Amino acid sequence: MDDAATDRNRPGRPAQLNRDRIVDAALSTGNLDTLTMRELAARLAVSHSALYRWVKNREQLFDLISEVMIERILPADGPPGDHWRPWLADVARAMHDQFLAVPGYATRTSRPHRHNSHSFGRLRNEVIAAFTQAGVHPDLAEQSWYIFVTSVVSWLAAQENPLDLGHGAPRFELFLDVLLRGLPAREPGTA
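Residues numbered from 1 in each chain as written. Predicted model: local features only at pLDDT ≥ 70, side-chain atom pairs only at ≥ 80, totals over all residues. Heavy atoms only, no water.

1. Remarks on the overall build of the protein
Across its full length, the protein holds 10 helices and 0 strands. Going residue by residue from the N terminus, the α and β elements of the protein occur as α-α-α-α-α-α-α-α-α-α. Its C-alpha atoms give the protein principal-axis dimensions of about 70 × 40 × 30 Å. Burial status across the protein gives 41% buried among its 191 residues. Of all intrachain contacts in the protein linking residues separated by at least 6 positions in sequence, the fraction that spans at least 24 positions is 70%. Summing over all exposed atoms, the protein offers an accessible surface of approximately 11,000 Å²; the carbon and sulfur share of this is 52%. (Helix = DSSP H or I, 4+ residues; strand = E, 2+ residues; numbered from the N terminus. Buried < 20%, exposed > 50% of the residue type's maximum accessible area, 1.4 Å probe, protein only. Contact = heavy atoms within 4.5 Å. Areas by Shrake-Rupley, 256 points an atom, 1.4 Å probe, with all protein chains shown as cover.)

2. Concerning the nonpolar core
The biggest cluster of nonpolar side chains holds 60 residues, and the ones touching the most others in it are Met95, Phe99 and Phe148. For Met95, the contacting residues outside a window of four places in its chain are Ile73, Leu100, Leu123, Phe148, Val149, Val152, Val153 and Leu156. (Core = buried A, V, L, I, M, F, W, Y, C linked by side-chain atoms within 4.5 Å.)

3. Let's talk about the environment of Glu187
Within the secondary structure, Glu187 is located in the segment after helix H10 (172-182). Separated by 103 residues in the primary sequence, Glu187 and Trp84 place their C-alpha atoms 20 Å from one another.

4. Some remarks on helix H8 (residues 120-133)
Taking 1.5 Å per residue, 14 residues should reach 20 Å; H8 reaches 20 Å between its end C-alpha atoms and fits that length. All of the buried residues in H8 are Phe120, Gly121, Leu123, Glu126, Val127, Ile128, Ala130 and Phe131. The inward-facing, buried residues of H8 contact helix H5 (58-73), helix H6 (84-100), helix H7 (105-110) and helix H9 (138-160). Gly135 occupies a position one or two residues after H8 and carries a positive phi of about 95°. (Expected span 1.5 Å × (residues − 1).)

5. Points about the packing of aromatic side chains
Summed over the entire model, instances satisfying the criterion amount to 6 aromatic pairs. Each ring, one from Phe99 and one from Tyr105, has its centre 4.7 Å from the other, and the planes form 80°; the classification is edge-to-face. Ring plane angle 20° and centroid distance 5.5 Å describe the contact between Trp155 and Phe175, whose orientation is recorded as stacked. Remark: Phe175 occurs in helix H10 and Trp155 occurs in helix H9; sequence separation between them is 20 residues. Overall, the relative accessible area of 14% leaves Trp155 in the buried class. A connected cluster of aromatic rings, assembled from ring pairs, spans Phe99, Tyr105 and Phe120. For Arg108, the ring lying beneath its charged end belongs to Phe62, and the centroid distance is 4.1 Å. (Phe/Tyr/Trp six-rings, centres within 6.5 Å; stacked < 30°, edge-to-face > 60°. Lys NZ or Arg CZ within 6 Å of the ring centre and 35° of its normal.)

6. Things to note about H10
Among the residues making up H10, those that are buried are Phe172, Phe175, Leu176, Leu179 and Leu180. An end-on view of H10 places all buried positions within 120° of arc, on one side of the element. Taken together, the buried residues of H10 touch H6 and H9. (Arc of directions from axis to C-beta.)

7. Some points on the pattern of salt bridges
Per the counting criterion, the structure on display carries 8 salt bridges. In this structure, Arg93 and Glu173 form a salt bridge, with 2.8 Å as the shortest nitrogen-oxygen distance. Highlighted residues: Arg93 in helix H6 and Glu173 in helix H10, separated in sequence by 80 residues. Overlapping salt bridges, with partners in common, bring together Arg19, Asp20, Glu67 and Glu71 in one network. (Salt bridge = Lys/Arg side-chain N within 4 Å of Asp/Glu carboxyl O.)

8. Side note on the side chain of Thr109
Relative to the elements of secondary structure, Thr109 occurs in helix H7. Of note is the side chain of Thr109, whose polar atom sits 2.8 Å from the backbone oxygen of Tyr105. (Polar contact = N/O pair within 3.5 Å; in protein donor to acceptor, adjacent residues only side chain to side chain.)

9. Regarding the packing of H6 against H10
The N-to-C vectors of H6 and H10 enclose an angle of 140°; their axes lie 11 Å apart at closest approach. The orientation of H6 relative to H10 falls into the category oblique. Seen along the crossing, H6 lies across H10 with a hand that is right-handed. Residues Trp84, Arg85, Leu88, Ala89, Ala92, Arg93 and His96 of H6 form the contact with H10, whose participating residues are Phe172, Glu173, Leu176, Leu180 and Arg181. (Axes fitted to C-alpha atoms, helices over the stretch in contact; angles between N-to-C directions. Parallel < 35°, antiparallel > 145°, perpendicular 65-115°, else oblique. Left-handed = near helix turned anticlockwise from the far one by under 90°.)

Structure (structure tokens):
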């Protein structure tokens, strides 16, 4: 038996848990949408009670995962004022890459539920800031955020759960181009 196996089987205090260890274990499970807390505790080689000290339920687990996902998605420097389209395209591409790398995440995110302010609230604030810095009225910036996030997340969820809509494979870059050309939102009847 190797030293690592001996350490895992040694009685005593379980390995220390932290945010990154929990998130890494959850993200490596294969399908986040079907992951149970029992499976996650086993994957971490800790008791249920040790895991529940960090996350009380699946909602808190998804909040923790979402915090990490949004950190990975958002560029270090905030929105660049008038050049919001390339910035927003980069955010959408990062969402595509990060969300689809974790089976079940886009599907779970697309379902109506409360999103924590440390994750999607942060993404919301930066996207709205990109629009308002470019001169978009705050109300329309809010609407533009809603259009952007629901469109991208729904598209990604459809990628995880393909709809039989025809022969051609959906192309994210084409979708993104059409979406960004339609933003920011405008009041009906205005140019």
